[in-house]
Amino acid sequence: MTLAPDGFKNLDGKVFNEKFPGPWIQIKVKNYLQFNGTSIHWHGVRMLNTFEQDGVNVSNENRGPMTFYGPSSANYDESLDPILITDWSHRSAFTDFYRELGVNGSGRPLMTSILLNDAGRYKCTGPEIEKGNCTTAPPLFTKVIETGKKYLLRLINTSVDTTFVFAVDNHNLTVIGMDFVPIVPYTARGVLVGIGQRYHVILEAKPQDDRAPADQNYWMRTIIANGCSGFNTSAPNPPEENGILRYAKAAKENPTTKKTPMDESCADEPYDKLVPVVKWTVGEPVNEPAEQGGTFQVGMTEVDPVDKKYPGHGNFSRWDMGQTPMFLNFSDPTINSLGQNRQWPPEYGVIGQSGATVKEDSWIYLVITATSFPFGAPRRTFIPAAHPIHLHGHDFAILAQSEKPYWDPLVKLKKDNPPRRDVALLPANGYLIIAFQADNPGSWLMHCHIAWHASSGLALQILERESEIKYTIQGKNETERICKNWNTWYDNKANHWSPVEFQDDSGI
Ligand SMILES: [Cu+2]
């Protein structure tokens, strides 16, 4: 459009929203929680050269979707609002976390219901009704569609502890993107969405079956993946019919459709089908090869109950993937000790460069195993559980992903355009080999996205090109201001929820 900010007409001014300068995008966060410091993290966003704004030091159970518009690998007519799939508990995470630690022999924490966006279903018991705990739930998530149109669905698993398969009765889904990465389209009955993963799928408003006419209602299903459930597996699961796909001519009633058979096992979408449109060729690693000890073993470590770092409630274990479970000190953040050759406390889980020269185009390989290799480890146990592993600051290439125990250092790695994303499932008893390019100086978390496990300590900090981080920090004064405010707040014991202990989880 024509711009004349100085009184002279520039005929070809480029603008956002017909405004010059463009709109000011700001996000301000004000914390009204009484006993919790909190921070806001932009999940999956690369935060290129802005590591100090990645915002993770306290885990808090709140979340919302954000959408970046970008190229897609197939066309569609309309997009629906983001679809958040989550498990839901009637107890607070602060209460249930002690169950996760197995304090005093308690069982693991269990989730109660499934929500699709803001609605789910729970059948109140008599005593719960009498106690006044129950009210009317909002209507189930419902989308009205028109026959013949193609709709983009943005699926996000925001669960604490459950991997879901998303499906729509009598409809195929065309998968076109994962974790912001457009992929070559493929067709699926259902799509497995791990915790923290995102998928873009296209649904064509055309049922796949003559017996399923286009004037009906169809269930959207949130199926609990076999073996990756946060629910009580000896009791019936909560209903998986949690959303309604309604054709414009259909009556406003619940669907009566039946589930189409599909793979419900807890494994990432098929490796061979996840082909990025923009190709990567992964180079040789600069860090030490896996067979020389560069593996990270996901297991549990028995914590010494008298160790003051881990507030004690008797004997318990914490999840970890490094030397020891992560446990951070909010008053001593990593960002304040950069470039000082600091000997980091083992519970900070800092992985540095250990002598390797790391440059912008260097490749770093990480081998993550769910079993002990090559030797057993003292005070550690390995439990067969799948873990959605998430890396901050990067997309990573998945060089290998297997449900077999990791023992063969000559395992075949796919370096020619492997799947890439920012959350991948470490299969139970198996292994995951990932690679990222060291193009983003910072201290980046790598952790399991099961909230209980992250809180327990299943996390590392990867210190990438430490000496260069200081040049990327834009908000140095802001960092100092926040740290100072934190210390003032923390030093006032009236702000602590418990007089005995302030922090009981890893801090992420
Ligand atoms: Cu985990």
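The structure presented is a predicted model; accordingly, all values stated were derived computationally and were not measured.

Engineer: Report on a nonpolar patch on the surface, specifying residues and quantitative values.
Structural biologist: A surface patch of nonpolar side chains, amounting to about 280 Å² of accessible area, comprises Ile27, Val29 and Ile40. By secondary structure assignment, the location of Ile27 is in the segment before strand E1 (78-79).

Engineer: Before we move on, could you go through the coordination of the copper ion and cite the residues and values that matter?
Structural biologist: Distances from the copper ion to its protein donors, His387 (ND1), Cys448 (SG) and His453 (ND1), fall within 1.9 to 2.1 Å. On the basis of relative accessible area, Cys448 is assigned to the buried category, the value being 0%.

Engineer: Could you give an account of unusual backbone geometry, with specific residues and numbers?
Structural biologist: Residue Phe20 is joined to Pro21 through a cis peptide bond whose omega torsion reads -10°. Following the sequence through the fold, Pro21 ends up in the segment before E1. Even without a glycine there, the phi angle at Phe180 is positive, about 75°. The topology assignment puts Phe180 in the loop between strand E8 (173-178) and strand E9 (181-188). With relative accessibility at 44%, the residue Phe180 sits in the partly exposed group. The phi dihedral of Asn417 falls on the positive side, at around 50°, and the residue is not glycine. You can see Asn417 is positioned in the loop between strand E21 (396-402) and strand E22 (420-421). Taking relative accessible area as the criterion, Asn417 reaches 6% and is therefore assigned buried.

Engineer: Residue-level account of the domain arrangement of the chain, with values.
Structural biologist: The domain architecture assigned to the chain consists of domain 1 (78-273) and domain 2 (290-491). Computed from C-alpha coordinates alone, the two centres of domain 1 and domain 2 are separated by 30 Å. Every contact between the two is made by 27 residues of domain 1 and, on the other side, 29 residues of domain 2. Across the domain 1/domain 2 interface, buried area totals approximately 2,300 Å², and carbon plus sulfur atoms make up 60% of it. Sorting the residues of domain 1 by area buried against domain 2 places Glu100, Leu101 and Tyr271 first, and these three jointly supply 27% of that buried surface. The tally of links between domain 1 and domain 2 comes to two salt bridges. Taking the shortest distance from any N to any O, the salt bridge between Arg421 and Asp179 comes out at 3.0 Å. At the junction of domain 1 and domain 2, the tally comes to twelve residue pairs in polar contact (both at pLDDT 80 or more).

So, how was this worked out
- Residue numbers run consecutively from 1 along every chain, following the written order of its sequence.
- With the structure being a predicted model, the display of local features is reserved for residues of pLDDT at least 70 and the display and counting of side-chain atom pairs for 80 or more, all residues being used for whole-chain, interface and lining totals.
- Based on all heavy atoms of the structure, the side-chain values leave hydrogens and waters out of the count.
- Each patch is built from residues that are more than 30% exposed by relative accessible area and take part in no salt bridge. Like charges join if they lie within 9 Å; nonpolar side chains (Val, Leu, Ile, Met, Phe, Trp, Tyr) join within 5 Å.
- Each accessible area value is a Shrake-Rupley result obtained with a 1.4 Å probe; residue values ignore everything except the protein chains displayed when judging cover.
- The salt bridge criterion pairs a side-chain nitrogen of Lys or Arg with a carboxyl oxygen of Asp or Glu, the two atoms within 4 Å.
- Numbering of helices and strands starts at the N terminus; helices are DSSP runs of H or I of at least 4 residues and strands are runs of E of at least 2.
- In this description, a donor is an N, O or S atom within 2.8 Å of the metal centre, a cutoff extended to 3.2 Å for sodium, potassium and calcium. Water is not part of the atom list, which can make sites seem incomplete.
- Residue exposure (1.4 Å probe, protein chains only): buried if accessible area is under 20% of the type maximum, exposed if over 50%, otherwise partly exposed.
- In this document the domain limits rely on a domain assignment from an automatic tool or a database.
- The criterion used for residue contact is that any of the two residues' heavy atoms lie within 4.5 Å.
- What gets called buried area is simply the loss in accessible area from a 1.4 Å probe that two parts show on being joined, summed for both.
- Think of a polar contact as two N or O atoms within 3.5 Å of one another; within protein, one of them needs to be a possible hydrogen donor and the other a possible acceptor, and neighboring residues in sequence only count if both atoms come from side chains.

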